[in-house]
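Summary of structural features
Here's the letter readout for the chains.
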Amino acid sequence: MQWEEVRKFYSNQYVKLQILASHTEEGNTKFVDEVALIRAIQDPQEATKELLQSKDGVIVSHTANEELKVEIRTLRGLRDVIGKYY
């Protein structure tokens, strides 16, 4: 399913999605091309909780966002810190 379709069917609400296809631009931005809807979420606090617990290509977003994109963050600095202690 495309993000535009999700926005059309679930307007003005949070949705939990599985990323099926994406591409990277600008070095650290992943643009999501295709998703599978897991479920719609009505409560903003529940959406935040779901977002914080998400992993393995699962995201939570609000359909008011015109684009569906994810900032890619590396753990390079953290790995250097951990390496000093092990």
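Residues numbered from 1 in each chain as written. Predicted model: local features only at pLDDT ≥ 70, side-chain atom pairs only at ≥ 80, totals over all residues. Heavy atoms only, no water.

Below, the discussion takes up the layout of surface pockets. Reported here for the largest pocket is a volume of approximately 280 Å³. Forming the boundary of the largest pocket are 17 residues, of which Leu51, Val58, Ile59, Val60 and Val70 lie nearest the centre. Counting only elements with at least two residues in the lining of the largest pocket, the list comes to β1 (14–25), β3 (58–62) and β4 (69–71). Looking at the lining of the largest pocket element by element, the count peaks at five residues for β3. Classifying every residue of the lining of the largest pocket gives eight nonpolar, five polar and four charged. Here the second largest pocket defines a volume of roughly 170 Å³. For the lining of the second largest pocket, the elements supplying multiple residues, two or more each, are α1 (3–9) and β2 (29–41). (1 Å grid on protein atoms, 1.4 Å probe; cavity = no way out; pocket = protein on both sides within 12 Å on 5 of 7 lines; lining within 4 Å. Points joined across faces, edges and corners; volume = space filled by probe spheres on them. Helix = DSSP H or I, 4+ residues; strand = E, 2+ residues; numbered from the N terminus. Nonpolar A, V, L, I, M, F, W, Y, C, P; charged D, E, K, R; others polar.)

Next up on the list: the sheet that holds β2. In spatial order, the strands read β3-β1-β2-β4; together these four strands make up an open sheet with antiparallel pairing. Each edge of the open sheet carries a strand with a single partner, namely β3 and β4. Each strand axis lies, on average, 50 degrees off the axis of its neighbour in the sheet, ignoring direction. Bridge count between β1 and β2: eleven bridges; the pairing is antiparallel. Pairing of Lys16 across the sheet is with Arg39, part of β2. (Pairing = 2+ DSSP bridges. Axes fitted to C-alpha atoms, helices over the stretch in contact; angles between N-to-C directions.)

So, on to the side chain of Thr63. Note that Thr63 resides in the loop between β3 and β4. The exposure class assigned to Thr63 is buried, which follows from its relative accessible area of 3%. Beyond its immediate chain neighbours, meaning those up to four positions away, Thr63 contacts Trp3, Val6, Arg7, Tyr10, Ser11, Asn12, Gln13 and Val15. (Buried < 20%, exposed > 50% of the residue type's maximum accessible area, 1.4 Å probe, protein only. Contact = heavy atoms within 4.5 Å.)

What follows deals with the nonpolar core. With nine residues, the main nonpolar core is built from Trp3, Val6, Val15, Leu17, Ile19, Val32, Val35, Ile59 and Leu68. Elements supplying a minimum of two residues to this core: α1, β1 and β2. Apart from residues lying up to four places away in sequence, Val32 is in contact with Ile19, Ala21, Ser22, Ile59, Leu68 and Val70. (Core = buried A, V, L, I, M, F, W, Y, C linked by side-chain atoms within 4.5 Å.)

Below, the discussion takes up the pattern of salt bridges. A full pass over the atoms with the stated rule returns four salt bridges. The partner of Arg39 in a salt bridge is Glu46, and the shortest N-O contact between them spans 2.5 Å. A relative accessible area of 30% means that Arg39 is categorised as partly exposed. Glu67 serves as the salt-bridge partner of Lys69, at 3.7 Å between the closest nitrogen and oxygen. Note on Lys69: relative accessible area 48%, which makes it partly exposed. Each of Lys16, Arg39, Glu46 and Glu50 takes part in salt bridges that share partners, so that together they form one network. (Salt bridge = Lys/Arg side-chain N within 4 Å of Asp/Glu carboxyl O.)

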